[in-house]
Amino acid sequence: MGPVEPSAEPGGLGRNRETATLVLLSFAMLVVSLDQYIVVVALPDIAADLGYSAQTLQSVISVYAVASAGFLLFGGRAADLLGRRRILATGLALYAAAAFAGGLATTPAVLLAARAVQGFGGALVFPTTLAIINTTFGEGRARNRALGIWGGSGAAGLVVGVLLGGLLTQVFGWEAVFFVNVALAGPALLLAFVVIPRDGEREQGRRFDLPGALSISLGVTLIVFALVQGPGSGWLSPGILVSAAAGLLLVAAFVFIERRSPDPLMPPRVLANPNLITGVVIAFMFMATFGSVLYFLSIYFQEVLGYDALQTGAGFLIPTAVVVAGSATAGRLVTRFGLRRTLAAALTIGALGAVLLGLAISPDGTYVALLPGLVALGIGDGVVFTAMFIAAATGVPDRQQGIASGIASTGSGVGAAVGLAVLVLVATAGLDGLSGEPLRIAVADGIRTTLFVVAGGIASTLLVAVRRCPTASAPVPKPVPYQTRRC
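Reading guide: rules and limits
Residues numbered from 1 in each chain as written. Predicted model: local features only at pLDDT ≥ 70, side-chain atom pairs only at ≥ 80, totals over all residues. Heavy atoms only, no water. Patch = residues over 30% accessible without salt bridge, like charges linked within 9 Å, V, L, I, M, F, W, Y side chains within 5 Å. Areas by Shrake-Rupley, 256 points an atom, 1.4 Å probe, with all protein chains shown as cover. Salt bridge = Lys/Arg side-chain N within 4 Å of Asp/Glu carboxyl O. Helix = DSSP H or I, 4+ residues; strand = E, 2+ residues; numbered from the N terminus. Buried < 20%, exposed > 50% of the residue type's maximum accessible area, 1.4 Å probe, protein only. Phe/Tyr/Trp six-rings, centres within 6.5 Å; stacked < 30°, edge-to-face > 60°. Core = buried A, V, L, I, M, F, W, Y, C linked by side-chain atoms within 4.5 Å. Contact = heavy atoms within 4.5 Å. Expected span 1.5 Å × (residues − 1). Bend = angle between axes of the 7 residues up to and from the residue.

1. A short note on a nonpolar patch on the surface
Item 1. Taken together, Leu227, Trp235, Leu236, Leu241 and Leu425 make up a surface patch of nonpolar side chains, about 500 Å² in accessible area.
Item 2. As for its placement among the helices and strands, Leu227 is situated in helix H8 (residues 210-233).
Item 3. The partly exposed category is assigned to Leu227, whose relative accessible area is 32%.

Dropping the structure here:
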């Protein structure tokens, strides 16, 4: 898919097909992002209605993350080879259909199946929207601004999901958090055929590496499943050991297949791009830290402070505004100061925010006391979310933007699943056998400790950004047929 006609204003987005494309893709990104956490506030109602236990309730969140993380590479490569509009439309259709089924679910098994299909649909949509933006807007100022808007939508979606989930659950019941996705994804699906240019003919000599795609997709899915379920089921339980072993074997098979494939799923030149690798590492660590905070804040609001679903959603209004503002301005900051300085500043502010939030968490805490930490964490969240995808796209040719986007988004998806599993283990340590007021106090203490762990993780991400993201402003010459501009 080639770039659309440039706008009349140099470096601008323009009031033409570029703008319509950006609006649609940003909206699609918001839709798939909000679903990661839109059910968080509705979890108590879902548990009461469908009979989930305290040990299995987290699976409503994790099954989406597992399915999504496992198939992001598949979605990115499919977009490159089978057509980006075609894959975007397929993902939105699956997403809407699964959401409808989830709203009608009457048993835990049906709901989990619907969430898994939603995750697969999201795995097609996420990297495809990113790839279309990266091929529509030229590298530099225009792309940075476009990714700022797209990133703002994605980062906001994580928080808007909690806000919208609270409102819908309070007014209409938990089923509404699924049906709303049908109302959102349906129009986006129809507009995709109007706004996104028709896919061209497939490039001669290129083929979809189906064995490689299936092996890595199933391998990542099984490994993430083991990591997510390990804390609850026991790391040495047969199911976890079998899943981990099978996942590792499939990843090894993927490496074997790729070495012999004439058109590999992950071309070596893509993996040789240092900016992509940096973006993937930061994306993983970002979602493992920033991306997990919403889950614990929702629990704190409801189980410690006693908020209802609507009050919990309202509690995320200010963080939502800050995240959107941070993400929307991130592109301009990167253009002006460079990736390294932008990421370093945003991660420093984010780490400080996590510490302030941890200090404010207590059994008798107030929302006002949380605000300094929420604002600082929101600034870091919004800026880093956009900047890490700018890094991952730098120097990648158009024909490989789909797989590059899939690699970067896989890093974020795996990070979300692994981070939540590890932090839940930290937060729930020592809760066994407690009830009533002692349990409420212990939950607050566990969440406080978790936020300090998050701060440490963000500080580690800062070290990665400073060490791996060079400051050189001039392009670095490369002998390969595409230019890699250092971040």
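2. Thoughts on the side chain of Thr394
Item 1. Mapped onto the elements of the fold, Thr394 is located in the loop between helix H15 (367-393) and helix H16 (401-428).
Item 2. Using a relative accessible area of 8% as the deciding quantity, one classes Thr394 as buried.

3. Re the packing of aromatic side chains
Item 1. Scanning the entire structure with this criterion turns up 17 aromatic pairs.
Item 2. Summarising the aromatic geometry, the rings of Trp150 and Phe389 are spaced 5.3 Å apart at their centres and angled 85° between planes, so their arrangement reads as edge-to-face. Of the two residues, Trp150 is situated in helix H6 (residues 141-172) and Phe389 in helix H15; the sequence distance between them amounts to 239 residues. Neither residue differs from the other here; Trp150 and Phe389 are each classed as buried.
Item 3. Measuring from ring centre to ring centre gives 5.1 Å for Phe286 and Phe290, while their planes differ by 25°; the resulting arrangement is stacked. A residue pair is termed a helical-turn pair when its members lie 3 or 4 positions apart in one helix, as Phe286 and Phe290 do in helix H11 (residues 274-304) at 4 residues. When sorted by exposure, Phe286 lands in the same class as Phe290, which is buried.
Item 4. Ring pairs connect the aromatic residues Phe126, Trp150, Phe286, Phe290, Phe385 and Phe389, which therefore count as one cluster.

4. Details of the nonpolar core
Item 1. With 146 residues, the main nonpolar core has Leu111, Trp150 and Leu370 as its most contacted residues.
Item 2. The element best represented in this core is H11, accounting for 16 residues.
Item 3. Setting aside its immediate chain neighbours within four residues, Leu370 contacts Tyr300, Phe301, Leu357, Ala360 and Ile361.

5. With respect to H6
Item 1. With 32 residues, H6 ought to run about 46 Å at 1.5 Å a step, and its terminal C-alpha atoms sit 44 Å apart, in line with that.
Item 2. The largest bend along H6 measures about 35° and falls at Gly157.
Item 3. Once H6 ends, the next one or two residues include Gly173, with phi positive near 100°.

6. Considerations on the environment of Gly119
Item 1. With respect to the element layout, Gly119 can be found in helix H5 (residues 108-136).
Item 2. Taking relative accessible area as the criterion, Gly119 reaches 0% and is therefore assigned buried.
Item 3. Taking the C-alpha atoms as reference points, Gly119 and Ala69, separated by 50 residues in sequence, lie 8.0 Å from one another.

In short, the description is geometric, and any link to function would need to be established separately.
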